[in-house]
Each structure stands twice: as C-alpha cells, then as structure tokens.
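Commentary on secondary and tertiary structure
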Amino acid sequence: MTLLQLLLGVPLALLGVLALPVVITLVQELITKRKYRHIPGPKPRPISGNLGEFLTSPGGLLGCLEGWIKRYGDLITFRLGSRQFVLVADPDAARNVMVRLPNHAQMSNPNMHLTKWDLRSMDVWGLLMARDDYWRGLRAAWQPAFSPTSLRGYQALMDREAVALAGRLRRQAAAAAAAEAGGANKEAAVGEMEVLSEMSRVTLAVVGTAAYGVDFNSPEYGGSGGSASSGSLGATLSLAASLEAFKSGRRPSLVSACNDFFRTMSPSARSSWSWAVALPCLLPAIRHVAALAPDPVLALHIQSRRVLRQVSTKLITAWRDSHTSTSSAAPAAATANGSSSSSNNNDGGSSSSTSTTGVAPGSFLGLMLAARDRSRKEGGSSSTSTSSGGGSSKDTASLTDSQIEAQVQTFLLAGFETTANALTFAVYLLASHPEAAARLRAEVDAHLPPLLPPTPQQQQQQQQQQQQPEDGNGGDGQQRSSELLTLEILDKLVYTEAVLNEALRLFPPAHATTRETDKDMTIQGYHIPAGTTLWLPIAHLHVRDSVWPEPQAFRPERFLPPDAPGAAPHLAPRHAHAHLPFGSGPRMCIGWRFAMQEAKMVLSRLVQAVDFELAPGQATPLDCVAGLTLAPRHGVWVRLRPRGAVAAAVEA
Ligand code: HEM
C-alpha cells in the first residue's frame with residue numbers, strides 16, 4: 001500500500017465507521033415511520049425527529065404539545081430523537097389506557113442515557129419504572145407505608161413541620177411589619193418569601209422523616225437547620241443557577257442534589273453530548289467517552305445522581321446498624337395514635353392487611369428489608385443480579401441492596417418536588433385571588449386548633465428528637481394532642497381541599513404520565529402496535545373546554561361537595577374522570593393520600609399564620625417550566641403580612 005493510499009484510506013475508513021450508525025438509524029427510522037404512518041402528527045426530521053420544535057417552541061414543551069393537539073387532533077404521533085411517541089389527548093381514551101395498561105414506559109432523557117448504569121438503578125428498579133411481576137411485588141411491599149394507619153401515624157410529624165414553617169414565616173412577617181412601622185423601606189426583603197424553597201424544605205423534611213427517620217432539613221443533609229430562609233434554595237431553582245453553583249465548586253448536599261437532578265432532567269438541559277441519543281447504536285460507546293469528558297450539564301447531572309446514591313446507601317447502612325440489635329429488618333408497626341411498637345409487620349404485601357396495619361414513621365426501609373426477608377423465607381431466588389431491566393417475581397423474592405436503594409431514591413424524588421410544587425402553585429393562586437384566600441382563611445379559623453408557640457418543654461423535646469431523629473419522629477402526637485391538627489379536623493377542611501384540587505388541575509406537577517402497550521391495540525380507531533410509548537398529557541386533559549367549564553379560571557368551588565355552601569356544580573367537570581393529577585388505574589400515584597394530607601396540613605397552617613400577596617415584581621401569569629415535573633421557572637415570591645390575632649397570640 002502506498003503512502004497516498006494510506007493517507008486517503010484511513011479517513012475514508014473512519015468516515016465509514018461514523019456513517020454506519022447514521023445509516024442504521026435512518027433505516028430504523030424508516031421502519032418506525034411505516035409502523036406509525038397512519039397516525040397524524042408533525043413531520044419528523046431525520047435523526048432528531050420533532051425534537052427541534054419541542055425545544056424551541058415559545059410555549060415550551062406544553063405549548064408545543066398544545067399546538068400539535070390543535071392542529072392534528074386528539075391522537076398524534078411524534079418522534080423525539082429515536083423515540084416514537086403516541087399522544088392520547090381524548091379524556092376517555094386516556095383514562096382507558098391508564099386503567100388497562102400495567103407498565104409505564106421507560107423514561108427517556110439524554111442526560112439519563114449518558115449516565116453509566118451504576119448510578120441509574122432507580123431508573124429500572126425503582127417502583128416508578130418497575131415492570132410486570134417485579135412491579136406487582138414491589139407495589140405490594142410499598143403499600144403499608146400508605147395505609148390508613150400509617151397515614152394517621154404521620155399526622156404529628158406533618159403538623160410539626162407545618163407549625164414550624166408557620167412559626168418561621170410569622171416571625172419573618174412580624175419583623176417586616178415592625179420594620180415598616182419604624183419607617184424602614186417598605187420593600188424590605190425580610191417580608192418577602194420565595195414559596196418554592198420554603199415548601200421544598202417542608203416536603204423534604206416530611207418525606208425524609210416519614211420514610212427514614214432522618215431530618216433532611218438538618219445541615220448534615222444541606223438544609224439550613226430550621227433558620228428562616230431568604231430564598232437560598234430558590235436561588236438554585238434554575239438550571240443556570242445550579243450550573244453557576246456547580247462551577248464555583250459548591251459542595252453538593254442532598255437538598256441541592258435533588259434540585260440539580262430535576263433541573264438537569266428538563267428538556268432544556270442539553271448536554272453537548274445529547275446528539276448521541278439520536279444514534280442509539282453508538283450510545284454505549286459514547287457513554288464511556290462522555291463520562292471521561294462530561295460538559296457542565298452532564299457533570300452536574302452525574303454529580304446529583306452520585307449524591308443521591310451516596311445518601312441512599314448511607315441511609316440503608318445507618319438504618320441497618322441501628323436496627324440489627326432489635327428486630328432484624330422488620331418495620332415497626334404503627335398503632336392508630338401514631339406511636340410505634342416493635343412487633344413484626346410481616347404482612348406488607350397482602351392487600352387485606354393494609355387497611356388495618358401500617359408502619360411507623362422512619363420505617364420505610366425496614367418495610368423494604370422485611371419484604372426481602374419474607375420473600376426469601378418463602379423460597380424466592382437469591383440471585384443478586386442487577387444488570388438487566390424489567391423483572392419477575394423471582395427478582396422480587398430477592399431484592400438486592402441496589403434495588404432497595406432504588407426504592408429509597410424513588411420515595412425521595414417522587415414525594416419531594418411534586419408536593420412542594422403543588423403547594424407553591426396553590427399559594428400563588430391564593431395570593432392572586434384574594435376572595436378565595438379570604439374564604440380559605442375563614443374555614444381555617446373555624447376549624448384549626450390554635451397556633452401556639454411551643455412550650456419550653458416541647459422545645460426541649462423537639463431538640464432531643466432532632467438529635468435522635470430515628471427514635472419516633474412523629475410519635476409526639478400525644479405530647480401536643482391538645483393542639484394537633486388531626487385527620488378528623490382535616491376532613492372538615494373541604495374548601496382547603498377544593499383549593500388544592502383546583503391548583504392541581506391548573507398546574508399539575510406531574511404534567512404527563514406514560515404507558516407502554518403490551519400488545520397491538522386500537523385507540524380511537526387507530527391501530528397502535530405493541531411496544532408503543534403512549535404519552536398521556538395530564539396538563540392538557542385538565543383544561544379541555546369540552547370537559548371543564550371556564551377551563552382557565554381558578555374556581556375551587558367546582559370541587560366542593562354538592563351540599564357545601566357555595567358549591568358550583570355547573571363548573572364541575574362534564575366527564576367523570578377528568579381530574580387526573582395523580583394518574584389513574586393500577587399505576588396511580590401510590591403516595592396521593594400522603595401528599596394530599598401533607599398539603600392540606602401545610603397550606604392550612606400557613607394561612608392560619610400569615611396573610612400573603614404577590615410580591616411586587618412577581619410575574620403573572622406564572623412562567624412555568626415543564627421538565628420531569630411542572631415547576632415555576634423562577635419560583636414564586638410573595639409578601640408576608642402577620643395575621644392580627646394569631647400574630648398577637650404567638651408574639652405574647
Ligand atoms: C402532589 C403530589 C404528587 C403528585 C401530583 C403525584 C403524581 C403522580 C403521578 C401522575 C404518577 C403516575 C400515575 C400514573 O401513571 O397513573 C405518580 C406515581 C407515583 N408517585 Fe406520585 N405524586 C405526588 C406525590 C407523591 C408522594 C408524596 C409519593 C411518595 C412519598 C409519591 C410516589 C409515587 C410513586 C412511587 C409512583 C409510582 C407508582 C407506580 O408506578 O406504581 N408521589 N405520582
């Protein structure tokens with residue numbers, strides 16, 4: 001071979017190697033196109049599909065989908081990179097598939113695909129993404145954590161965190177009012193609150209303590225240790241702020257990792273390696289190269305997953321260490337008043353048991369470890385493989401540490417941001433609808449126990465609990481029973497619930513869910529092949545004018561029971577299952593009662609403590625970003641005012 005041949009041959013060979021994946025991908029696209037060509041939808045480009053429109057649409061992801069629905073109808077197909085979707089926007093059809101199909105589709109996000117397997121156990125083994133028999137076994141194992149008895153067990157914990165928030169905000173509002181009376185600048189920042197960061201602190205503390213007996217609000221996990229926030233978390237709510245903090249070498253904490261995880265999963269968080277996802281046959285190789293030279297977006301994503309994993313491993317180890325001496329891996333059964341006993345609760349998987357037994361706050365890990373022990377005793381496999389996707393009942397019988405860790409991460413991530421966002425949207429809507437806020441205040445004042453400052457004895461007990469968080473957080477219902485916001489009281493807060501339901505309709509934190517077809521099926525007259533990813537656009541289903549009268553208006557009255565004063569049946573949905581903030585069917589959110597209980601407690605305590613209005617400069621309508629969840633892009637700022645009677649009582 002001559003030198004010239006060599007000089008020409010090498011680049012040509014290289015070009016051939018690089019061109020091959022493109023050719024394979026284009027052929028695959030042609031095959032897919034044939035399969036879905038009978039379904040209307042926007043025309044895809046080679047390789048990227050409809051990703052360009054998705055990313056550049058002025059209305060963001062939701063605006064883009066809305067445009068397509070208007071243009072092409074209620075059943076649409078589109079392609080994002082190599083992934084084909086079928087969107088079902090008809091309410092009947094959407095609910096039908098939610099109820100009929102048992103599997104979520106595997107999530108698809110470039111940064112996720114570019115992360116190596118060892119940090120991604122949650123994506124396959126966590127409850128959210130689990131499939132078939134493995135999912136069924138897991139779901140049964142999770143269930144006792146959300147039984148009526150468990151929910152009652154969490155009430156003291158939730159109220160404690162809600163009261164702590166109310167106290168912090170009340171002090172902040174009182175200080176601002178005093179400064180204003182003293183002639184200080186009216187715009188003094190001390191009277192303003194960034195709602196999402198405050199709500200995130202509360203929901204993280206509740207989820208952490210309810211599940212693992214750990215206070216994620218403590219400085220150990222990156223919280224502020226209970227001091228009033230000046231929007232510190234709010235400052236990192238945008239991807240740009242997260243990246244800035246990352247580049248400045250900020251030490252990652254659990255709190256920041258949770259936020260970074262969500263921010264880097266949004267469609268706009270594009271790594272310079274994202275193009276590789278459009279060429280699936282190149283992906284395994286590119287993943288290795290990208291890990292060696294990640295750009296800041298990918299590096300931030302990987303770092304957030306690493307922190308989440310480290311914390312999960314730490315939690316499992318700590319839980320084991322503190323429980324090996326007592327009842328091995330068995331979760332503590334919770335009694336009706338929220339106290340815990342050390343008796344075994346080995347009935348986690350049986351649906352008959354879940355209505356009567358529960359688990360004490362802090363014992364979710366125990367529940368998972370016990371599920372494994374139980375399955376092993378029943379003769380399940382002891383395989384420890386975690387390298388493949390999917391699952392079977394054999395896998396359930398042998399939950400590995402990696403699989404248990406995946407549940408820890410799933411509980412944290414699924415339970416934290418969704419509830420914080422829901423509360424933030426509710427506060428935003430109340431702050432911009434004074435008449436609804438006044439009605440809510442009247443209901444709260446009529447039913448809630450007084451918001452009293454903690455006695456010195458209670459303060460001491462709380463401090464002790466913070467030092468020993470695993471010893472019965474939430475079991476303090478007895479010491480404060482005279483003022484505890486109980487479930488019986490919560491039941492009376494029908495308007496509070498209606499406000500939350502309406503906020504969840506207008507701003508559903510989980511703006512979409514998915515299902516995968518397990519066999520060929522027909523939806524709205526169209527043939528849908530087996531293995532199709534169905535996109536169920538909850539946010540769009542919630543504002544259809546064929547279903548919702550005055551769909552864009554905030555009208556909590558539509559959710560009031562028909563016999564409640566002010567009920568507005570004419571504003572109720574015209575469709576029986578049109579309200580789907582928690583999904584529907586077998587994959588419906590397992591934590592929905594937990595979330596509603598927590599949201600009602602936090603919102604009502606907040607309204608009891610302070611008045612609020614939108615801060616000057618807060619943009620309306622709210623600018624939202626739809627990534628993994630729907631979130632306010634720049635948080636929500638409100639100005640706090642102390643409530644006369646309450647403030648006086650608390651200040652005394
Ligand atoms: C306002 C708060 C919340 C909202 C809006 C929400 C919404 C959702 C939605 C829409 C789904 C998918 C349902 C479907 O596909 O049909 C889901 C699933 C799930 N949620 Fe929630 N959720 C919230 C709070 C929570 C909490 C507090 C937890 C746990 C502590 C939780 C844990 C889960 C889990 C584990 C799944 C997967 C269930 C499965 O696949 O079997 N969620 N959630």
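Residues numbered from 1 in each chain as written. Predicted model: local features only at pLDDT ≥ 70, side-chain atom pairs only at ≥ 80, totals over all residues.

The protein carries the name Cytochrome P450 in an unreviewed UniProt entry, which gives Chlamydomonas schloesseri as its organism. In UniProt, the protein has this text filed under Cofactor (unreviewed entry): "heme". (UniProt positions renumbered as here; feature names shortened; annotations may be inferred.)

Attention shifts here to the overall build of the protein. Across its full length, the protein holds 24 helices and 11 strands. Residues counted as buried form 49% of the 652 residues belonging to the protein. Put simply, of all contacts in the protein between residues at least 6 apart along the chain, 76% involve residues at least 24 apart. (Helix = DSSP H or I, 4+ residues; strand = E, 2+ residues; numbered from the N terminus. Buried ≥ 20, exposed ≤ 12 C-beta atoms within 10 Å, placed from the backbone. Contact = placed C-beta atoms within 7 Å.)

Feature annotation in UniProt places "binding site: heme" (unreviewed entry) on Cys589, given in this structure's numbering. With respect to the secondary-structure elements, Cys589 resides in the loop between helix H22 (538-541) and helix H23 (592-609). Residue classification places Cys589 among the buried positions, given that 20 C-beta atoms sit within 10 Å. Setting aside its immediate chain neighbours within four residues, Cys589 contacts Phe582 and Gly583.

Attention shifts here to the sheet that holds strand E4 (residues 513-516). The strand order across the open sheet built from four strands is E1-E2-E7-E4, with neighbouring strands paired in mixed fashion. With one partner strand each, in any of the chains shown, strand E1 (75-80) and E4 form the two edges of the open sheet. Across the sheet, the mean angle separating the axes of adjacent strands is 30° when strand polarity is ignored. Sheet analysis places E1 next to strand E2 (residues 83-88), joined by six bridges and oriented antiparallel. The residue of E2 that forms the bridge with Ile76 is Leu87. Across the sheet, helix H4 (residues 91-100) is in contact with E2, E4 and strand E7 (533-536); its angle to E7 comes to roughly 125°. (Pairing = 2+ DSSP bridges. Axes fitted to C-alpha atoms, helices over the stretch in contact; angles between N-to-C directions.)

The next point concerns the site of the ligand. With respect to spatial proximity, 28 residues lie near the ligand, and among them Ala414, Gly415, Gly583, Cys589 and Gly591 are the closest. The biggest single contributor to the shell around the ligand is helix H17 (residues 401-431), with seven residues. Residues belonging to the shell around the ligand are distributed by class as follows: 16 nonpolar, 10 polar and two charged. (Near = placed C-beta within 6 Å. Nonpolar A, V, L, I, M, F, W, Y, C, P; charged D, E, K, R; others polar.)

Time to look at the pairing of E2. Within E2, five of the six residues are buried, leaving the element largely enclosed by the surrounding structure. Where E1 folds back on E2, the antiparallel hairpin that results is connected by two residues, among which Gly81 adopts a positive phi of roughly 60°. Two elements, E2 and E7, share three bridges in a ladder whose sense is parallel. Counted as the bridge partner of Phe85 is Thr533 from E7.

On to the nonpolar core, then. Core analysis: the largest hydrophobic core is formed by 153 residues, its most contacted members being Val88, Cys258, Ala426, Val427 and Ala503. If you tally residues by element for this core, the top one is H17, at 18 residues. Among residues more than four places away in sequence, those in contact with Ala426 are Val499, Leu500, Ala503 and Leu603. If you look at the next biggest cluster of nonpolar residues, it comprises 13 residues, including Leu239, Phe246, Ala278 and Ile302. (Core = buried A, V, L, I, M, F, W, Y, C linked by C-beta atoms within 7 Å.)

The next subject is helix H3 (residues 60-72). Taking 1.5 Å per residue as the helical rise, H3 with its 13 residues ought to reach 18 Å, and the 18 Å between its terminal C-alpha atoms agrees with that figure. All of the buried residues along H3 are Gly60, Leu61, Cys64, Leu65 and Trp68. Tucked into the core, H3 has its buried residues touching helix H2 (51-56), E1, E2, H22 and strand E9 (624-626). (Expected span 1.5 Å × (residues − 1).)

Let us look at the sheet that holds strand E11 (residues 637-642). Read across the sheet, three strands follow the order E3-E11-E8 without closing on themselves; strand pairing throughout is antiparallel. Strands with a single pairing partner mark the edges of an open sheet, and in this sheet they are strand E3 (192-194) and strand E8 (610-614). For this sheet, the mean inter-axis angle between neighbouring strands, taken without regard to orientation, is 40°. Contacting E3, E8 and E11, helix H8 (residues 148-181) crosses the sheet at an angle of about 80° to E11.

Another aspect to go through is the environment of His447. Looking at where His447 falls in the secondary structure, it is placed in helix H18 (residues 434-447). Contact partners of His447, with chain neighbours within four places excluded, come to Ile489, Lys492 and Leu493.

Look at helix H21 (residues 494-506) against H23: their axes get within 10 Å of each other, and the N-to-C directions meet at 110°. In this view, H21 runs roughly perpendicular relative to H23, as classed from their interaxial angle. When you trace H21 past H23, the crossing you get is right-handed. In this structure, H21 uses Thr496, Glu497 and Leu500 to contact H23, whose residues at the interface are Met596, Ala599, Lys600, Leu603 and Ser604. Split into classes, the residues belonging to the contact of H21 with H23 amount to four nonpolar, two polar and two charged. (Parallel < 35°, antiparallel > 145°, perpendicular 65-115°, else oblique. Left-handed = near helix turned anticlockwise from the far one by under 90°.)

Their axes nearest at 9 Å, the elements helix H13 (residues 296-323) and H17 cross at an angle of 110°. With respect to H17, the element H13 is oriented roughly perpendicular. Relative to H17, H13 is oriented so that their crossing is right-handed. Touching Leu308, Arg309, Ser312, Thr313, Leu315 and Ile316 of H13 are Asp401, Ile404, Glu405, Val408 and Gln409, all from H17.

Moving on: helix H9 (residues 195-212). Over its 18 residues, H9 extends 25 Å from the first C-alpha to the last, a length consistent with the 26 Å expected when each residue adds 1.5 Å. Burial runs high along H9: 18 of the 18 residues are buried.

The next thing to look at is the environment of Ser218. Relative to the helices and strands, Ser218 resides in the loop between H9 and helix H10 (239-247). Look at Ser218 and you get partly exposed, because 18 C-beta atoms sit within 10 Å. In sequence terms Ser218 and Arg201 are 17 residues apart; their C-alpha atoms lie 10.0 Å from each other.

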